[in-house]
Amino acid sequence: GSLLQPESLLDAAAKRVAGSWAFERVEGRFQRIPEPVQRRIVYWSFPRSERQICMYSSFQPGRAAAAAPSSAS
């Protein structure tokens, strides 16, 4: 079988920060955050499950078809 790689320290730290603080707050509080660190914090800031995505966005399942313009003219 294949061996699983442990989570990198960068990902573990970025996930922890993203789970605790809004990225805007991180940017405002700390000077000179290296770009790779910024990218990982932003990556982990986005919701992972469809339920969370629906809860935190205007997207709702089944509404896309209703919002699409009709082709009948």
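Model, not experiment: these values are computed from the prediction. (Residues numbered from 1 in each chain as written. Predicted model: local features only at pLDDT ≥ 70, side-chain atom pairs only at ≥ 80, totals over all residues. Heavy atoms only, no water.)

Caption draft 1: Geometry of the pattern of salt bridges. Scanning the model with the defined rule gives three salt bridges in all. Among the ionic pairs, Lys15 bridges to Glu7, the shortest N-O distance being 2.7 Å. Looking at Lys15, the relative accessible area reads 36%, which means it is partly exposed. Linking Glu35 and Arg39 is a salt bridge whose minimum nitrogen-to-oxygen distance equals 3.6 Å. One end of the pair, Glu35, and the other, Arg39, are both in helix 3 (residues 35-45), four residues apart, so they sit about a helical turn from each other. (Salt bridge = Lys/Arg side-chain N within 4 Å of Asp/Glu carboxyl O. Buried < 20%, exposed > 50% of the residue type's maximum accessible area, 1.4 Å probe, protein only. Helix = DSSP H or I, 4+ residues; strand = E, 2+ residues; numbered from the N terminus.)

Caption draft 2: Looking closely at the side chain of Asp11. Mapping Asp11 onto the fold places it in helix 1 (residues 9-20). Take Asp11: its relative accessible area is 17%, and that puts it in the buried class. Once you skip the residues sitting within four places of it in the chain, Asp11 turns out to touch Arg40 and Trp44. (Contact = heavy atoms within 4.5 Å.)

Caption draft 3: Quick peek at the packing of aromatic side chains. Counted according to the given criterion, the structure contains two aromatic pairs. Over the face of the ring belonging to Trp44 we find Lys15, whose NZ or CZ atom lies 4.5 Å from the ring centre. It is Arg25 that lies over the ring of Trp21; its NZ or CZ is 5.0 Å from the centre. (Phe/Tyr/Trp six-rings, centres within 6.5 Å; stacked < 30°, edge-to-face > 60°. Lys NZ or Arg CZ within 6 Å of the ring centre and 35° of its normal.)

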